[in-house]
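Listed below, chain by chain, are the residues.
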Amino acid sequence: MNITYRELNEDDYKNIEITFGDILNKYNVSNFKDKATTYGAFDNDRLVGIISIVILPLLEPLEGEEAFINHIEVVEDYRRNGIGTNLLKLAEDWTKEKHLFQLRAWSGKNTVEAINMANKQKYVMSQSIIYDINAPLYTERKYVFGYNWAKRFD
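Presented here is a report on the structure given in the accompanying data block. (Residues numbered from 1 in each chain as written. Predicted model: local features only at pLDDT ≥ 70, side-chain atom pairs only at ≥ 80, totals over all residues. Heavy atoms only, no water.)

Describing the pattern of salt bridges
Applying the stated criterion across every chain yields a total of five salt bridges. A salt bridge links Lys35 to Glu65; the nearest nitrogen and oxygen atoms lie 2.6 Å apart. Here Lys35 is found in the loop between helix H2 (23-26) and strand E2 (36-43), whereas its partner Glu65 is found in strand E4 (residues 65-74), with 30 residues between them in sequence. For Lys35, a relative accessible area of 42% corresponds to the partly exposed category. A salt bridge links Arg79 to Glu113, with the shortest nitrogen-to-oxygen separation between them at 3.9 Å. Of the two residues, Arg79 is situated in the loop between E4 and helix H3 (83-97) and Glu113 in helix H4 (residues 112-120); the sequence distance between them amounts to 34 residues. Judged by relative accessible area, Glu113 falls into the partly exposed class, the value being 47%. (Salt bridge = Lys/Arg side-chain N within 4 Å of Asp/Glu carboxyl O. Helix = DSSP H or I, 4+ residues; strand = E, 2+ residues; numbered from the N terminus. Buried < 20%, exposed > 50% of the residue type's maximum accessible area, 1.4 Å probe, protein only.)

Focus on the pairing of strand E7 (residues 143-152)
Taken together, the seven bridges between strand E5 (residues 102-108) and E7 define a ladder with antiparallel strand orientation. Across the sheet, the residue bridging to Ser107 is Tyr147, located in E7. When strand E6 (residues 124-131) meets E7, the two strands line up antiparallel, connected through eight bridges. By the bridge assignment, Tyr131 is partnered in E7 with Tyr143. (Pairing = 2+ DSSP bridges.)

Side note on the nonpolar core
One finds Ile51, Ile53, Leu88, Leu103 and Trp149 to be the most contacted residues of the largest nonpolar core, which totals 30 residues. Counting only elements with at least two residues in this core, the list comes to helix H1 (13-20), E2, strand E3 (46-57), E4, H3, E5 and H4. Per element, the largest residue contribution to this core is six residues, and it comes from E3. Residues in contact with Leu88, not counting those within four places in the same chain, are Ile51, Ile69, Leu103, Met117, Gln121, Tyr123 and Trp149. (Core = buried A, V, L, I, M, F, W, Y, C linked by side-chain atoms within 4.5 Å. Contact = heavy atoms within 4.5 Å.)

A look at H3
With 15 residues, H3 should cover 21 Å at 1.5 Å per step; its first-to-last C-alpha distance of 21 Å lies within 8% of that length. Looking only at H3, the buried set comprises Ile83, Gly84, Leu87, Leu88, Ala91, Glu92, Trp94 and Thr95. (Expected span 1.5 Å × (residues − 1).)

Brief notes about the environment of Lys151
Among the secondary structure elements, Lys151 is positioned in strand E7. Along the backbone, Lys151 and Arg104 are 47 residues apart, and their C-alpha atoms lie at a distance of 6.6 Å. Setting aside residues up to four positions removed in sequence, Lys151 forms contacts with Glu92, Gln102, Leu103, Gln121, Lys122 and Tyr123. Within the structure, the side chain of Lys151 is placed 3.3 Å from the side chain of Glu92, a separation counted as a polar contact. (Polar contact = N/O pair within 3.5 Å; in protein donor to acceptor, adjacent residues only side chain to side chain.)

Some thoughts on unusual backbone geometry
A cis amide bond links Glu60 to the next residue, Pro61, at an omega of 15°. Secondary-structure assignment places Pro61 in the loop between E3 and E4. Although it is not a glycine, Arg80 sits at a positive phi angle of roughly 70°. One non-glycine residue, His99, adopts positive backbone phi at about 55°. With respect to the helices and strands, His99 occurs in the loop between H3 and E5. His99 sits in the exposed class, given a relative accessible area of 72%.

Right under this line is the structure:
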């Protein structure tokens, strides 16, 4: 395994879709503008991991901006090899370069790998319960349980 990392560009669209499906639209990982970026992990030419970050304004009364992880994923056969952690470090470096307040993400409780990785990397973990406005009234899945996690860089 020879893993390399780089910032993705528009030529990588097809590679993203082949590897991870419709995350381009679902998580806006195709935003290659100044206020967002996406990094990929490659085994030779094969895309095996991705992290997408976007800049968001802080809510009042705070001023400034933060980086938010839209999506982080590693191909199942490549997990538990430090790829997610290395992608997270790239996101941290990008956040620092942009002089942003913090790097933040949200993970549902079923994304155990992401939650454990964030905890191991010393992110502050905050339990979170979100009301799912898209859940049909006749289902029991009205709430989504997970964690907000963040690390300050100001």
